[in-house]
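If you want the building blocks of each chain, they are given just below.
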Amino acid sequence: MAISPSAHQKRPLPFESSLPLLGEEAASRPTKSAKLQATKKVSFNHGEPKVHLFDPDNGHGISYASRIEDNCIVIDDDDDESDSDGNHPQQQVPLTEELTVLSTVHGRQRRELRDITKHDLRTVMKYGTKSKGNFVNGDQRWKFEFGNTVYITDNTCKKEITCYKKAIDIQPAQITEQMWSNHHKAVRILKNDPQLCTTHSVIIIDQSGSMNKCDVNGFRSRSDAAFGTLALDYIAEQLYQQGDEFFVDAVTIIEMNCTGSLFVHKEPMDWILFNKVLHRQRTAKPRSHGNYVNSIEYAENVINDDLQCFSNFDLDDIGAYMLVLLSDGSPSDQKPGDQMRRRDAICRLSQRLKSKLTVYGMGIGAMGSDFEQLKYLVDAATEHGAEGQFNHAGLSPAELSTTFHTMATTMTTTRTELLSNKTKRTKTEKRYTMRKSYNDVDLVPLRRETKNVSRWRYDNRTQPPWKKVEFLNSDARGFEVAQDPFGKGAERLAYMFYEIKKKQTGSGYEKVGKSLVAKNSIYNEDERSKEKFHTDFCRSQQKAWELALQFNRAVAKAPLLKPAKDEVSLPPPIEFLQCNVYDYEDHWGAKCGLLVESFCTVDSLSSAATMDMFSKTTDQLLLYSKLER
């Protein structure tokens, strides 16, 4: 099975196979009429997927009985003839689990290492092709193949010798003169004009001994899967999205075992790098332990060396960075202080780069593997201003592919935004420390405002659109807002906020009413810019609220969304929060404003029944909204 870059450009599935893989439904049990049907045509939005039909003869014209007769499976493929008495010959087809497979110690160890069950071997024997293997010590070996699994038995076809999975073969790209020319041009730019680099991806790949395990379907090992999906779904994906346009993006790859070693240092993302990663896929030799500290600090040094070239630039004028840590388990370095060294390195980068840094933790391994340290590092990044995400891909090549594809899409979006913002006014991001959650209230520093506080609501149906309204609580005299945010979006920070009133006894103020959320720009801006920011946001929010009302009315009339017998109501309506602006005067007498919304919890969506209802109606909602348009 081979995958070429030119084939990938037509958007087929990254892991197409000429036969279905184990774990999918192999086929229905053979009947008297075991003839091939005509090739089906299934229409999808993106390309035509292959349709695999079960062929008892597997395209070789060999009778099913001749292949499996040693295992008591006898099938007469002649559907139209009868015996001398006019009766159809009887078939003897045992179930898959009834086939005899005698295990050996070596065979069991191989199956455990390669995640192949005994039932899988029976499936291979029942539905696969049988061919002669090698002679070993004068004994004939037999080879059964089905999908990407190969099973070797002794001459009786009942005793297990070994088994393995055939690996996916990703073909290298054909390099043209233009590709080489662009490569040399990008290398010169990265050396002489590093500020023109749009993105820099620093990828740490676990190369400890456990990455030798052969339990990822379609790959020889976990290491093989990591390099393969990195090449196909991260590098090639971005190159296809880029098309013929010329961009300068850098990639650094660090291999992690006892120490951190550089495989690729700040090389251009192009087809030359794609081929280099594919070559490393075949030659990598995972070994020893997986020590996080050395590799993470190595990555920090690589990024810091980059940033030294930008000492005269504002943060907004430099490219975006992505730090990826791919591992199949907990770190091997467990000395006192190792955990803090890992965290400190991530925190230093996050505080320095803020939203220009995205930290991805990717776990590859069976369910139950220990990825607490990966999650811990991602959380540390988000707490100090960076973007962060953890994903456990398991042992599924599809999940690995999806994760790398998501990262590629993120970097493409970031690249587009950076290029589109080059002509915009330079903005300086605020310095802040993220809190873990809204409810993280212990020793939260608060700012109190009571001077000339008023509440305003935007309504573009009136002139002027800003209308002064009463406080949410009639006895409110001001508000308190946290100094540190608990949430961050692309343009705004979210802070804990509530109205306050004077205490009935004694002096001072106390909280009154429900908790709210204040939104403020992530950048340092003057109040004139903030006023425009509030106006634009409130106008968009009101328009979204109006469209939601129209959509809810359409859903209520949709015949496809009538409640089923086991449901009690229509899908929940879509609602957008109404926002207000609280005006106040600061200590210097300057007029300021804060955008405030209700604090929305997800308790109403936590039940399994509600989530199940959403999953049932999502496709119908999307379909009906398109029909309404």
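Quick caveat, the model's predicted, so the values are computed rather than measured.

**Comments concerning the packing of helix H6 (residues 222–242) against helix H7 (residues 271–283)**
Piece 1. Between H6 and H7, the shortest axis-to-axis distance is 9 Å and the interhelical angle comes to 170 degrees. Accordingly, the angle class assigned to the pair H6 and H7 is roughly antiparallel. Within the contact between the two elements, H6 uses Asp224, Phe227, Gly228, Leu230, Ala231, Leu232, Ile235, Ala236, Leu239 and Tyr240 and H7 uses Trp271, Leu273, Phe274, Val277, Leu278, Arg280 and Gln281.
Piece 2. Classifying every residue of the contact of H6 with H7 by side-chain character gives 13 nonpolar, 2 polar and 2 charged.

**A word on the pairing of strand S9 (residues 260–268)**
Piece 1. Alignment of strand S8 (residues 249–256) against S9, held across 6 bridges, turns out to be antiparallel. From the neighbouring strand, Val251 faces S9, where its bridge partner is Glu267.
Piece 2. In this structure, the hairpin formed by S8 and S9 is closed by a connection of 3 residues.

**Points about the sheet that holds strand S10 (residues 320–327)**
Piece 1. Here we have 6 strands laid out as an open sheet, ordered S9-S8-S7-S10-S11-S12, and mixed in their pairing. Only two strands of the sheet have a single partner each, and these edge strands are S9 and strand S12 (387–394). Averaged over neighbouring strand pairs, the angle between their axes works out to 15 degrees when direction is ignored.
Piece 2. Pairing of S10 with strand S11 (residues 357–364), which is carried by 7 bridges, proceeds in the parallel orientation. Looking across to S11, one finds that Leu326 is bridged to Met362.
Piece 3. Strands in contact with helix H5 (residues 177–192) are S8 and S9; relative to S9, the strand with the most contacts, it is inclined by about 110 degrees.

**Quick notes on the pairing of strand S14 (residues 454–458)**
Piece 1. Across 4 bridges, S14 lies against strand S20 (residues 580–585) in antiparallel orientation. Pairing of Trp456 across the sheet is with Val581, part of S20.
Piece 2. In terms of strand pairing, S14 meets strand S15 (residues 466–469) through 4 bridges, oriented antiparallel. Across the sheet, the residue bridging to Trp456 is Lys468, located in S15.

What counts, and where the lines are drawn
Residues numbered from 1 in each chain as written. Predicted model: local features only at pLDDT ≥ 70, side-chain atom pairs only at ≥ 80, totals over all residues. Heavy atoms only, no water. Axes fitted to C-alpha atoms, helices over the stretch in contact; angles between N-to-C directions. Helix = DSSP H or I, 4+ residues; strand = E, 2+ residues; numbered from the N terminus. Parallel < 35°, antiparallel > 145°, perpendicular 65-115°, else oblique. Contact = heavy atoms within 4.5 Å. Nonpolar A, V, L, I, M, F, W, Y, C, P; charged D, E, K, R; others polar. Pairing = 2+ DSSP bridges.

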